[in-house]
Amino acid sequence: LKYRSLQLTGDEKKLVSLCKTRLFGEGRLTLSMLGCDPDILPMVIERVSDAADFLIFENAAPYMLARKVLRASSNPPVGRIAYGSGHQVGKSIEYIALLEAPVRNVFYVGDLDMRGIYIAAKLQSHCAANDLARVHPATVLHEQMLASANRLGAPRGWPDQSRRTSAAGDWVFQFLEPAIRDEIKTIVDSGHRIPEETLTESDLIGCFSSW
């Protein structure tokens, strides 16, 4: 897309903005008419086994720790793990389709706060609308995050200093497993959060053994 944009307009980013205007749409211009390949953002992915399940972490540090744990495991329950990089995951999720090995299910774990759950819910909705891999909550990791926060003396999490995204609402909590949905919603509604970084190495070992 950006190569073609430069050729046609002299600005590698111009077509990106024009795509959002009335020039494009049904009965109008399409990117395929202009000879554009999809503009897919690469995703950081580590292959750890031949299993078909795929696990995405919102944040880099938990991803790196999980990478260490899974590479040391004799029987990893997931085939690949990825670093989603927050909101960027919505732009990079299509990269999975470029992998040679099939992906059966995509599991996602992020911070248990409004921003993190919003990212997950939007990702799930985007994939369903565009016939991409199904996205599920990594519930065993969410349960462990709740347990770890309790172990650290903060059963209701820690104060959330970030600004709540205006697009988020109660609908985002539908992403979560019903058994823990209300508990997490209560934490978030009270202005608190539980970060992914509550997951220690031993926590991850236990989660993956019971995956």
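Remember, predicted model here, so these are calculated numbers, not experimental data.

### Describing the nonpolar core
Grouped together as the largest cluster of nonpolar side chains are 49 residues, with contacts concentrated most on Leu55, Ile56, Tyr108, Leu141, Val172 and Ile184. No other element matches helix H5 (residues 114–129), which puts eight residues into this core. Once residues within four sequence positions are removed from consideration, Ile184 is found in contact with Leu112, Ile117, Leu146 and Leu176. Counting five residues, the second largest nonpolar core, distinct from the first, contains Leu15, Phe24, Leu34 and Cys36.

### What about the packing of helix H6 (residues 139–151) against helix H7 (residues 178–189)?
Running from N to C, H6 and H7 point in directions that differ by 50°, and their axes come no closer than 12 Å. The pairing of H6 with H7 is recorded here as oblique in orientation. The chirality of how H6 crosses H7 is left-handed. On H7, the residues touching Thr139, His142, Glu143 and Leu146 of H6 are Ile180, Glu183, Ile184 and Ile187. Across the contact of H6 with H7, the residue classes tally to four nonpolar, two polar and two charged.

### A look at the packing of aromatic side chains
Two descriptors summarise a pair of aromatic rings, namely the distance from one centre to the other and the angle between the planes of the rings. A full pass over the atoms with the stated rule returns four aromatic pairs. Judged by centre distance (5.3 Å) and plane angle (75°), the rings of Phe107 and Trp211 are edge-to-face. Of this pair, Phe107 sits in strand S4 (residues 105–109) while Trp211 sits in the segment after helix H8 (201–209), and the two are 104 residues apart along the sequence. Looking at Trp211, the relative accessible area reads 30%, which means it is partly exposed.

### A word on the packing of helix H3 (residues 60–72) against H8
Packing of H3 against H8 leaves a shortest axis separation of 10 Å and a crossing angle of 60°. The pairing of H3 with H8 is recorded here as oblique in orientation. Along this stretch, H3 crosses H8, giving a crossing that reads as right-handed. Residue-level contacts link Pro62, Leu65, Ala66, Lys68, Val69 and Leu70 of H3 to Glu201, Leu204, Ile205 and Phe208 of H8. Taken together, the residues that form the contact of H3 with H8 break down as eight nonpolar, no polar and two charged.

### A short note on H3
For H3, which comprises 13 residues, the first-to-last C-alpha distance of 19 Å matches the rise-based estimate of 18 Å (1.5 Å per residue) to within 8%. Among all positions of H3, only Pro62, Tyr63, Ala66, Val69 and Leu70 are buried. An end-on view of H3 places all buried positions within 130° of arc, on one side of the element. In H3, the exposed residues that point more than 90 degrees away from the buried face are Arg71 and Ala72. Residues of H3 that are buried make contact with strand S1 (44–47), strand S2 (53–57), strand S3 (80–83) and H8.

About the criteria used
Residues numbered from 1 in each chain as written. Predicted model: local features only at pLDDT ≥ 70, side-chain atom pairs only at ≥ 80, totals over all residues. Heavy atoms only, no water. Core = buried A, V, L, I, M, F, W, Y, C linked by side-chain atoms within 4.5 Å. Buried < 20%, exposed > 50% of the residue type's maximum accessible area, 1.4 Å probe, protein only. Helix = DSSP H or I, 4+ residues; strand = E, 2+ residues; numbered from the N terminus. Contact = heavy atoms within 4.5 Å. Axes fitted to C-alpha atoms, helices over the stretch in contact; angles between N-to-C directions. Parallel < 35°, antiparallel > 145°, perpendicular 65-115°, else oblique. Left-handed = near helix turned anticlockwise from the far one by under 90°. Nonpolar A, V, L, I, M, F, W, Y, C, P; charged D, E, K, R; others polar. Phe/Tyr/Trp six-rings, centres within 6.5 Å; stacked < 30°, edge-to-face > 60°. Expected span 1.5 Å × (residues − 1). Arc of directions from axis to C-beta.

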